[in-house]
Every structure is written in structure tokens, then in C-alpha cells.
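So the chains spell out like this:
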Amino acid sequence: MEILIVGGAGYIGSVTNYFLEKQGCKTTVFDNLSLGYKQAVGKTPLIVGDLENFHEIKNALSSKRFDAVMHFSAFSLVGESVNNPLKYYKNNVANTLNLIKAMIETETKNFIFSSTAAVFGNPTEIPITENHPINPINPYGWSKSFVEQILSDTFKENFKFVCLRYFNACGSTADGKIGEAHANETHLIPLILKTLLNQNAKPLKVFGNDYETQDGTCVRDYVHVLDLAEAHFLALEYLLKGGESEIFNLGNGKGFSVFEIIKAAEKVTGKKVPLEIAERRKGDPPVLIASSDKITKKLGWEPKFKTPESIIETAWKWHSENPNGYKEN
Ligand code: UFG
């Protein structure tokens, strides 16, 4: 199986590449290295190119016969998308159109797209199933839901897709070699671990302790990046066997509050997290928990990392062995 992994030098793309190679897939990474790292790609062939340039992606897709494309390359920070919506619509929507067009022109048939829980906005029902109304509350969520719509308008017999809506991706490969490395980190688990590793770090800010949740802090569905990678592999097999286009939610199905995640990190590391209670962060829904029943029933996917401790153990290995992220770009 020949797979093109667009955005395969970024966090989830690089872990999926690692996983697919272990399953015997032949992969090629296409990445502009704006947020990704060469080191995360390892020995996989890397095409440095930009989706903004139609010819670069069309040439990459013409270089061999790819059975499928996985598309991870997107901006994904909610706050940034509110401040700079055009950046998000340009990269996440317009550049994805180039990719879809190049796939159609090169008769590349199968597409696996990274979508997000942010398409649901403030949920009206928990757990969130695929039938929950789409109602994004920020440009990031809109950008992903636009692509979902474009895909459902575009798909035909010879162009099929699976959209995977990730909830809170976290963790690293078990060997601690590939993990989360963002120049401006905003995510909870890496920030907790970075706070513990840096003696001069400021206390971790807990964004709000007055939500209507069990302990007042936001509840999220933390899903291990290797479990996400496996879902991509299963989606790939499904499409290659002739499965119809589908959309799946992808989470652990359990919610953990910010305080529970901090406690789990303290248990794993044996260190106390210095923290302070801060204002609520704009745009944070109080609770996001996925129902992954559909992907479990249809593709047989089951998360292997079910507890926050098991997830944080891998993340701790990555962060403590690579406190400054990757050594080279
Ligand atoms: N949080 C803190 N302090 C921090 C960082 C985060 O209290 O320093 C809290 C947030 O307020 C939130 C929770 O920890 O309640 C998780 O926050 P993250 O930033 O780790 O993740 P988000 O839930 O905001 O975002 C994730 C993905 C997005 C996706 C979203 C779907 O990163 O791409 O889930 O809602 F859009």
C-alpha cells in the first residue's frame, strides 16, 4: 500500500506515519515544514512542498500511484483562528481544495481527513455522536466543517473519503521518540509536563474553576495519538476494501477534568504541579466527550490507552527525554 501523508512532519501525522510503517505500508510524507520537523519523519521519503502551490502537490501525487492520501496539514489553534480567521480559511480550506483537485486529476481515490470536535461548538448532548448538530463557534471549527461539506459534495464512485473528528489528541510513541512539539504550546498535558520540567516555570494556569462540572474545571476527552493512528489504518483498510465515504468521531468516550488530568500527571511523575486559577479561556465549552460507538461498530476500533495515566506516561517519556523538542528541523 502506497500512502501519501500530507502534514506527516507534524504531531499526529508523524505518529501515524510511524504506525503505518509498522503495519507494512509504504509511506511518503509531503510537508512544508512550517510547523513540522524533518526529524519526526525519520527515514520516510519526504517531499518538501506546499499545498498552496497546486503544481507541487499535483507533482507529488503524480510521482507514483498512491492508494490513499491522509491529510493532517492544518492550523489547529482555536484562539489564533479567532484572531486571524483568513489564515485559517486560506490554509485549512483553500489549500485543501488544491489537494482534492490534484487527487481528482491524478485519479487518486481514497482520502482520510483530519477533522475535529470543534465542528460541534457548544454541545447540546453528551456524549457527542455523529448525528449531533454541526455548529462551530470559531473559524477553526468552521474551516474543518467547510472541508467536510466540500468532501460530501465532491465524493463520487472514484473519490471516497473518511473524516475522523479527533477530540483531545495527546501522548507520544511508547519509545518516547515522536511526540508533541509545538513552538507555542497551548495544550494542557504538554504545558503541565513542561511546567514540571522547568524549575523556573510560572505556575500552570487553570482556565476557570467555576464551570458546571464535578470540580468546576472543563472536562475533555483525551485520546492517545497512537489510538488515533490506528483509526487511520483501519479507515484506510475500510476504504481500500470498497467502503463508502464516512465520518467518525474519535475519542476515548470518557471525560476528565483539568484537575483530574493534573492529578494523573502528579501520580505519573511523582511531582507536584504548581498552579494558579485564572480567568476562563474564551471559547472553551465546559464538557466535550465523544461517542465513538460508530467507529467501534463499523471499523472495530477500540482505544488501547484508556486512562489519563497511561497517556501521560508516554507524553512524560517524550517531554523528559526531549525537553526542547526535536533537535533539528
Ligand atoms: N487548559 C488550562 N490551562 C492551560 C491549557 C489548557 O486550564 O494552560 C484547559 C483548557 O481551558 C481546556 C482543557 O485544558 O479546558 C484542554 O485544553 P487544550 O488547549 O489542551 O485543548 P482544547 O480542548 O482547547 O482543544 C482541543 C484541540 C483543538 C480542538 C478542540 C476541540 O487542541 O484543536 O480540542 O474542542 F479544536
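Before reading on, note that the structure itself is shown above.
In this report, the structure presented in the accompanying data block is examined. (Residues numbered from 1 in each chain as written. Predicted model: local features only at pLDDT ≥ 70, side-chain atom pairs only at ≥ 80, totals over all residues. Heavy atoms only, no water.)

## Focus: the layout of surface pockets
Then, number 1: Space inside the second largest pocket adds up to approximately 310 Å³.
Then, number 2: Looking at the lining of the second largest pocket, the elements with two or more residues in it are α1 (11-22) and α2 (38-41).
Then, number 3: The dominant element in the lining of the second largest pocket, judged by the number of residues it contributes, is α1, at 5 residues.
Then, number 4: Looking at the lining of the second largest pocket, its residues break down into 5 nonpolar, 7 polar and 7 charged. (1 Å grid on protein atoms, 1.4 Å probe; cavity = no way out; pocket = protein on both sides within 12 Å on 5 of 7 lines; lining within 4 Å. Points joined across faces, edges and corners; volume = space filled by probe spheres on them. Helix = DSSP H or I, 4+ residues; strand = E, 2+ residues; numbered from the N terminus. Nonpolar A, V, L, I, M, F, W, Y, C, P; charged D, E, K, R; others polar.)

## Description of the nonpolar core
Then, number 1: L164, I192, L193 and L236 are the most contacted members of the largest nonpolar core, which has 66 residues in total.
Then, number 2: When residues in this core are grouped by element, the largest group, 11 residues, is from helix α8 (residues 225-240).
Then, number 3: When residues of this core are assigned to domains, at least three fall in each of domain 1 (2-170 + 222-249) and domain 2 (188-220 + 253-321).
Then, number 4: Every residue in contact with L164, bar those within four places of it in the chain, is listed here: I112, F113, S114, S115, T116, A231, H232, F248, L250 and I295.
Then, number 5: If you look at the next biggest cluster of nonpolar residues, it comprises 22 residues, including F30, A60, L61 and L151. (Core = buried A, V, L, I, M, F, W, Y, C linked by side-chain atoms within 4.5 Å. Buried < 20%, exposed > 50% of the residue type's maximum accessible area, 1.4 Å probe, protein only. Domains from an automatic or database assignment. Contact = heavy atoms within 4.5 Å.)

## What about helix α5 (residues 85-105)?
Then, number 1: An ideal rise of 1.5 Å per residue puts 30 Å on 21 residues; α5 measures up with 29 Å between its terminal C-alpha atoms.
Then, number 2: Within the sequence span of α5, burial applies to Y88, N91, N92, V93, N95, T96, N98, L99, I100, A102 and M103.
Then, number 3: On its buried side, α5 packs onto β1 (2-6), α3 (54-62), β4 (68-71), α4 (78-83), β5 (110-116) and α6 (139-154).
Then, number 4: A positive phi of about 55° marks E107, the residue just after α5. (Expected span 1.5 Å × (residues − 1).)

## Remarks on the packing of aromatic side chains
Then, number 1: What the rule picks out here adds up to 10 aromatic pairs.
Then, number 2: Ring geometry for F155 versus F161: centroids 5.6 Å apart, planes at 80°, classification edge-to-face.
Then, number 3: Taking relative accessible area as the criterion, F155 reaches 33% and is therefore assigned partly exposed.
Then, number 4: Residue classification places F161 among the buried residues on the basis of a relative accessible area of 4%.
Then, number 5: By way of ring pairs, the aromatic residues Y37, W318 and Y326 are connected into one cluster.
Then, number 6: Seen from the ring of F75, K87 lies directly overhead, with NZ or CZ sitting 4.5 Å from the centre. (Phe/Tyr/Trp six-rings, centres within 6.5 Å; stacked < 30°, edge-to-face > 60°. Lys NZ or Arg CZ within 6 Å of the ring centre and 35° of its normal.)

## Observations concerning the site of the ligand
Then, number 1: Surrounding the ligand, one finds 21 residues, the nearest of these being H187, L188, K205, R281 and D284.
Then, number 2: Between the ligand and S76 there is a distance of 3.2 Å, counted from an oxygen atom to a backbone nitrogen or oxygen.
Then, number 3: Between the ligand and the protein, one listed contact pairs an oxygen atom with a side-chain N or O atom of N168 at 2.9 Å.
Then, number 4: Protein coverage of the free-state accessible area of the ligand, which is 690 Å², stands at 91%.
Then, number 5: At the level of elements, α7 (188-197) and β8 (204-207) are the ones that each hand at least two residues to the shell around the ligand.
Then, number 6: Among the elements that line the shell around the ligand, the one with the most residues is β8, at 3 residues.
Then, number 7: Broken down by class, the residue content of the shell around the ligand amounts to 12 nonpolar, 5 polar and 4 charged.
Then, number 8: Looking at which domains feed residues into the shell around the ligand, each of domain 1 (2-170 + 222-249) and domain 2 (188-220 + 253-321) supplies at least three. (Near = heavy atom within 4 Å. Polar contact = N/O pair within 3.5 Å; in protein donor to acceptor, adjacent residues only side chain to side chain. Areas by Shrake-Rupley, 256 points an atom, 1.4 Å probe, with all protein chains shown as cover.)

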